[in-house]
Each structure stands twice: as C-alpha cells, then as structure tokens.
Amino acid sequence: LDRSSAASDVYKRQYQRRVHGIQGQILWMRKLKFHEQKLLKKVDLYSWKSEKNHREVHVMRRYHIQNREDYDKYNTLCGKVTQIVAKLKLLKGEDPVRIQATEQLLRKLYEMGVVPTEKNLSLVEKLAVSAFCRRRLPVVMVRLKMAQTLREAITYIEQGHIKVGVETITDPAFFVTRSMEDHITWQKDSKIRQKILEYENARDDFDILEQQSQLY
C-alpha cells in the first residue's frame, strides 16, 4: 500500500508539472500581429470539411465549373425551389392556389430543362445542383456531339466559335433552356465549322468563294 501511494504521488506531481507547463506556454503566448489576426478571421477553426464540401468539389470538377459563384447560385436556386415545394405541400391538395402554383412551377422548371416532365412534383423535391449544371452550354454541346469533351467545348466557347440564335456566346456558364437548345450553331466564319463542312463535303460554293476573296 505504501508503494502504491508513493507511486500515485509521483504520478500526481508529474501531471501537475505538465499542466503548469502548458498553462505557462498559454500565458506567455505572444500577441498576434495585425496581419495574423486578419488571416485568422477568415479561418474557421471549429467546423471541419463536411460532406457538402466534398460534393461541391465533385460537382465542380465533373462539370468543369470554373467559378465557384456559379455553384453557389445553383445551390441557392435549389434551396428556394425546395422551400416553395414545402410551402405548397402545406396547402390542401384541392386548393386552387396550390394547383395553379404547382403548374406554374413545374412548367417553368420544365422549360428551363432541369426536370424531365411537368407532371410530377416529387421530382422537384429531389432537385439537385447537377440538374442546373447539365444545362450549361458546354455540357449541352457535348450531348449534341459538337465537342468530345467539356474542356474542348469550353475552349470553343471562349474563342467565340459558338452562337445561340444570333448572339455569339463566350461565357461557358451560359444557361441553355429547352427552346434555345435547337439554336446552338457554329459561327459562320468559324474555322471549326469550315473543317466540319469539308469533312462532310457539305460546304457551299458561296462559302468557298467568299473565303477565297478574303485571302486576296
């Protein structure tokens, strides 16, 4: 018993020394400089990376989203749509306000191309950021086989080879609705268009003469 009590006393003294040493280090910590305080304000020391951050990085890489603000906008839209659906579900099924608002919401989302049908409200509840990402111009171009990869499609857009309707688009974040999808074409003077037409033997004689006149 005496040996055990003596050993416990030794352990207590060692523990107290360690505690005092740590407290001394804390008390003697130097004051942070101004730029260090400014940097620490932007650092969250309490919350760790969550699954949301990993999902965000995954979506941005998959769809080649260059600007994080675009992802935040899509995420905000999903949140607002989900809130609207939750409020509509609080109303009775036969309520004319609910019926009219549901039809308008489904029609709008269908025209935007983020839902496959305008008859099912349950699809809107599961609306994700990826639904908006799939309507970006580079993604639509790959689906229409105008480019092999998203990186290639983004390059064509930024170099001014693509137009939607009569407007030349240089922003890869351009949102393509269902009605716009059929009007995505190459610029008339685009070299990519000329190569495609030559490959398909579909170049017009007028285009060839016009190109030759530009050379001379």
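You'll find the structure just up there.
Residues numbered from 1 in each chain as written. Predicted model: local features only at pLDDT ≥ 70, side-chain atom pairs only at ≥ 80, totals over all residues. Heavy atoms only, no water.

Another point: the overall build of the protein. Along the backbone of the protein there are 12 helices and three strands. Going through the 216 residues of the protein one by one, you find that 29% of them count as buried. When contacts within the protein are restricted to residue pairs at least 6 apart in sequence, those whose partners lie at least 24 apart make up 45%. About 16700 Å² of surface is accessible on the protein, with carbon and sulfur atoms providing 54% of the total. (Helix = DSSP H or I, 4+ residues; strand = E, 2+ residues; numbered from the N terminus. Buried < 20%, exposed > 50% of the residue type's maximum accessible area, 1.4 Å probe, protein only. Contact = heavy atoms within 4.5 Å. Areas by Shrake-Rupley, 256 points an atom, 1.4 Å probe, with all protein chains shown as cover.)

Looking now at the state of the cysteines. Tallied over the entire structure, the rule returns zero disulfides. Unpaired in this structure, C78 has its nearest cysteine sulfur neighbour in C133, at a distance of 8.5 Å. C133 gets classed as buried once you look at its relative accessible area, which sits at 0%. (Disulfide = S-S within 2.5 Å.)

Right, let's get into the layout of surface pockets. Its boundaries defined by the atoms lining it, the second largest pocket holds a volume of some 150 Å³. Considering the residues around the second largest pocket, the lining is formed by 11 residues, among which R55, V59, Y71, A128 and V129 are closest to the centre. Elements represented by at least two residues in the lining of the second largest pocket include exactly α3 (51-62), α4 (68-90) and α7 (129-133). Top contributing element to the lining of the second largest pocket by residue count: α3, with five residues. (1 Å grid on protein atoms, 1.4 Å probe; cavity = no way out; pocket = protein on both sides within 12 Å on 5 of 7 lines; lining within 4 Å. Points joined across faces, edges and corners; volume = space filled by probe spheres on them.)

Below, the discussion takes up the environment of V139. On the secondary structure map, V139 appears in helix α8 (residues 137-143). With 14 residues separating them along the chain, V139 and A153 place their C-alpha atoms 7.9 Å apart. Those residues in contact with V139 that lie beyond four places of it in its chain are Y63, C133, R134 and L150.

Another aspect to go through is the nonpolar core. In terms of nonpolar packing, the biggest core is built from 25 residues, with L109, V114, V124, L127, V129, F132 and C133 touching the most fellow members. Elements supplying a minimum of two residues to this core: α3, α4, α5 (96-112) and α7. In this structure C133 touches V59, Y63, I65, Y74 and V139, once residues within four positions along its chain are discounted. Residues V140, F174, V176 and I184 belong to the second largest nonpolar core, which totals 16 residues. (Core = buried A, V, L, I, M, F, W, Y, C linked by side-chain atoms within 4.5 Å.)

Moving on to α5. End to end, α5 covers 24 Å across 17 residues, agreeing with the expected 24 Å (1.5 Å per residue, within 8%). Looking at α5, one finds that the buried residues are R98, T102, L105, L106, L109 and M112. Seen along its axis, α5 keeps its buried residues to an arc of 125°; they face one direction. In α5, the exposed positions angled more than 90 degrees off the buried face are occupied by P96 and K108. (Expected span 1.5 Å × (residues − 1). Arc of directions from axis to C-beta.)

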